[in-house]
Amino acid sequence: MNEKELVSLGRRQLLKGGAAMAVAGLGSTVALSANAACVPQADAKFDEVVDVIVVGSGFAGMSAALQARENGSSVMVIDKMPVFGGNSTINGGAMAVAGSPLQKQEGIEDSVDVMVADMLESGRGMNDIEMLKLVCNGTAESCEWLIDHGVQWKPFVQHFGGHSIPRVLQTVQSSGAGIIRPLIKVAKKNNIDMRNQAKLEGFIKDENGRVIGVDVRQGYYFPKERTGKMVKIGARKGVIMATGGFGNDIEYRQMQQPEYTNQLDSTNHAGATSEALKQMMLLGANPIHLDQIQLGPWASPDEKGFGTASQFNTIATYPSGIVVDVRTGERFFNELADRKARADAIMTRRDTEGNPVYPIGFTNAEGAKDAQTLDWGLKYNVIKKADTLEELAKIYNMPAKALKDQVARWNESVTNGNDSEFGRPMQKAMLLDKGPWYGVRMWPKVHYCMGGVKVNTASEVLHLVTNKPILGLYAAGEATGGIHGASRLGACAVAEGVVTGRNAGRHCAENQSVTLKLA
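Conventions used here
Residues numbered from 1 in each chain as written. Predicted model: local features only at pLDDT ≥ 70, side-chain atom pairs only at ≥ 80, totals over all residues. Heavy atoms only, no water. Phe/Tyr/Trp six-rings, centres within 6.5 Å; stacked < 30°, edge-to-face > 60°. Lys NZ or Arg CZ within 6 Å of the ring centre and 35° of its normal. Salt bridge = Lys/Arg side-chain N within 4 Å of Asp/Glu carboxyl O. Helix = DSSP H or I, 4+ residues; strand = E, 2+ residues; numbered from the N terminus. Buried < 20%, exposed > 50% of the residue type's maximum accessible area, 1.4 Å probe, protein only. Contact = heavy atoms within 4.5 Å. Polar contact = N/O pair within 3.5 Å; in protein donor to acceptor, adjacent residues only side chain to side chain. Core = buried A, V, L, I, M, F, W, Y, C linked by side-chain atoms within 4.5 Å. Pairing = 2+ DSSP bridges. Axes fitted to C-alpha atoms, helices over the stretch in contact; angles between N-to-C directions. Left-handed = near helix turned anticlockwise from the far one by under 90°. Nonpolar A, V, L, I, M, F, W, Y, C, P; charged D, E, K, R; others polar.

Draft legend 1. Just the packing of aromatic side chains, in detail. Applying the stated criterion to the full structure yields 7 aromatic pairs. Between the aromatic rings of Trp298 and Phe306, the centroid separation amounts to 5.4 Å while the plane-to-plane angle is 40 degrees, which identifies the pairing as tilted. Here the aromatic residues Tyr318, Phe332 and Phe333 are joined through ring pairs into a cluster of three or more. Positioned over the ring face of Tyr318 is Arg342, at 4.4 Å from the centre of the ring. For Arg349, the ring lying beneath its charged end belongs to Phe332, and the centroid distance is 4.2 Å.

Draft legend 2. Focus on the pattern of salt bridges. Under the definition given, this model contains 28 salt bridges. Arg167 is the salt-bridge partner of Asp110, the closest N and O atoms lying 2.9 Å from each other. Separated by 57 residues along the polypeptide, Asp110 in the loop between α4 (101-105) and α5 (112-122) and Arg167 in the loop between α6 (129-148) and β5 (168-170) bring together distant segments of the chain. Across the pair, exposure class does not vary: Asp110 and Arg167 are buried alike. Measuring nitrogen to oxygen at the nearest pair gives 3.4 Å for the salt bridge that ties Lys445 to Asp265. In this pair, Lys445 is assigned in strand β16 (residues 445-449) and Asp265 in the loop between α8 (250-256) and α9 (275-282), connecting sequence segments 180 residues apart. Residue classification places Lys445 among the buried residues on the basis of a relative accessible area of 2%. A residue is classified by how much of its surface remains accessible, and Asp265, at 24% relative accessible area, is partly exposed. Via salt bridges that share partners, Glu330, Arg331, Glu335, Arg409, Asp419, Glu421 and Arg424 belong to a single interconnected network.

Draft legend 3. Expanded view of unusual backbone geometry. A cis amide bond links Phe222 to the next residue, Pro223, at an omega of 0 degrees. Along the chain, Pro223 falls in the loop between β8 (211-218) and β9 (229-241). With an omega of 5 degrees, the peptide bond running from Gly435 to Pro436 counts as cis. Looking at the secondary structure, you find Pro436 in the loop between α14 (400-416) and β15 (437-441). A positive phi angle, near 55 degrees, is found at Asn397, a position not held by glycine. Checked against the element boundaries, Asn397 lands in the loop between α13 (389-395) and α14. In the Ramachandran plot, Asn467 falls in the positive-phi region, its phi being about 60 degrees despite a non-glycine side chain. Assignment of secondary structure puts Asn467 in the loop between β18 (460-462) and β19 (469-475).

Draft legend 4. Main features of helix α11 (residues 339-347). Every buried residue belonging to α11 is among Arg339, Arg342, Ala343, Ala345, Ile346 and Met347, and all of these are buried. Considering only its buried residues, α11 is in contact with β11 (293-296), α10 (309-320) and β16. You can read the cap of α11 off the contacts: a side-chain oxygen lies 3.1 Å from the backbone nitrogen of Lys340, and it is on Asp338.

Draft legend 5. Just the nonpolar core, in detail. Among the nonpolar cores identified, the biggest contains 119 residues, and Leu146, Phe203, Val239, Met241, Phe312 and Leu473 are the most heavily contacted of them. Counting 21 residues, the second largest nonpolar core, distinct from the first, contains Ile322, Leu392, Met426 and Leu432.

Draft legend 6. View of the side chain of Thr273. Of note, Thr273 is situated in the loop between α8 and α9. Residue classification places Thr273 among the buried positions, given a relative accessible area of 18%. Among the polar contacts made by the side chain of Thr273, one reaches the side chain of Lys80 at a distance of 2.6 Å. Of note is the side chain of Thr273, whose polar atom sits 2.7 Å from the side chain of Glu275. Aside from chain neighbours lying at most four places away, what touches Thr273 is Lys80, Gly245, Phe246 and Asp249.

Draft legend 7. Up close: the environment of Ala235. Checked against the element boundaries, Ala235 lands in strand β9. Ala235 has contacts with Val50, Asp51, Ile53, Ile212, Gly213, Val514 and Leu516, leaving out every residue within four places of it along the chain.

Draft legend 8. Molecular detail of the pairing of strand β13 (residues 360-364). Where burial is concerned, most of β13 is hidden: 5 out of the 5 residues are buried. Residues of β13 alternate between two faces, with Ile360, Phe362 and Asn364 on one and Gly361 and Thr363 on the opposite face, all of them buried. In this sheet, β13 lies alongside strand β12 (residues 322-324) in antiparallel orientation, the contact comprising 3 bridges. Bridge pairing in β13 links Val324 to Ile360. In the sheet, β13 pairs with β15 via 5 bridges, with the strands oriented antiparallel. Opposite Gly361, over in β15, you have Val440 as the bridge partner.

Draft legend 9. Structural detail: the packing of helix α2 (residues 59-70) against helix α15 (residues 492-510). At a closest axis distance of 7 Å, the pairing of α2 and α15 adopts a crossing angle of 35 degrees. The handedness of the crossing between α2 and α15 is right-handed. When α2 is examined against α15, the residues Phe59, Ala60, Ser63, Ala64, Gln67 and Ala68 are found in contact with a partner set consisting of Val494, Gly497, Val498, Gly501, Arg502, Gly505, Arg506 and Ala509. Here the contact of α2 with α15 is built from residues that sort into 7 nonpolar, 5 polar and 2 charged.

Structure representation (structure tokens):
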């Protein structure tokens, strides 16, 4: 077959996929699987059949699986990695909740409308307002649902950047594992079939265009693409895609944001790649906001991945300390602004040749008392301890007098209840009047994809051309796009994952079953 014939064949195959090649960045996805174009199969026969297949086992996937099971469906969860949980397991375990009992105990007045307004402001107004309201409306009830399934929260409310008021709850483990492990335990107890090392290779449709199953590579060893055995698994009611983002797919994320090269580290696990998103796009799924990729402003260049600094800065530095330019010893942004504003500000700290000049975030012992990763950060020399501000300045080569003057101005702002320099919310602000001090170098890392496939309020994936649901296909969590607009607020990933996961599970379980044949 000559080059011209190959091009013609490729065009014919892609046209069967519902015009998905109109989307930039698909490039080499033609060979993703033998079923990539998803030709309808009128007489499809399956190795196994269940009501609902959930692809992915993070917050959204496990919530979808449990909700579908509680609504009476048989459920299978597949995950390509050897360990369940994905990014959710290494997440900080913080969930934004509007109107929680803990807020009421502390006298904090909150509402769904206020949370919606905060997320709209952070998202620069790009948010899908209907999905945004769905998430915010579901946080309080889903928080209680998690408690009923064994999740334990710390007995206090936290104030994360970009939120106008404190509304963040966090697991006692300070990790998303504090959510994932209880949900997996309940799932297994309720006979949900959990399959790891099972990689989605493509979708199977019937003659009406409905998704009725998936091609799966079982016994898959990431990232060896040809390992494992191919099987067909049928879904009588539907397939729920909870496959997360593509933050660690350097080639694909660079197509969306050319400056996000391999020089920029990521907090994501190795399996946070784009092939599942591409498979949905080959079905005709409408991708939105793919270029909106969030940088985590609390990370450190002194460790790989999420590390110890992220939790320390989230719990201690940002709410109870300050961040300064190492060259001046002075603050240069609002430490409780939204993530995009903070990351953008930090990324401006460069020398004349464009190299990073890492800012220093610090607080004192009182501010760091709830930071569970402090000891680990000290052990691995990511966090450094100083008895005095002069010593802290010496460790990081900062001008000591300028640093002390900045701390004095900060303490004056705390006393007055008003940050006259940068307008930071002061509800949780504290005096920095005595040591010891704990400091950390800071530089953002790729953290979260605000973009994904577009869904409606029934969590059905919408077609690029018709804007109608792709029958039998649902999506939840980071695999979807539009909810967060240009920037996700901290602690809203858990909120989104759990609420939209349950929403997808409920609607998929209520879908009309189709009769499928076993091989």
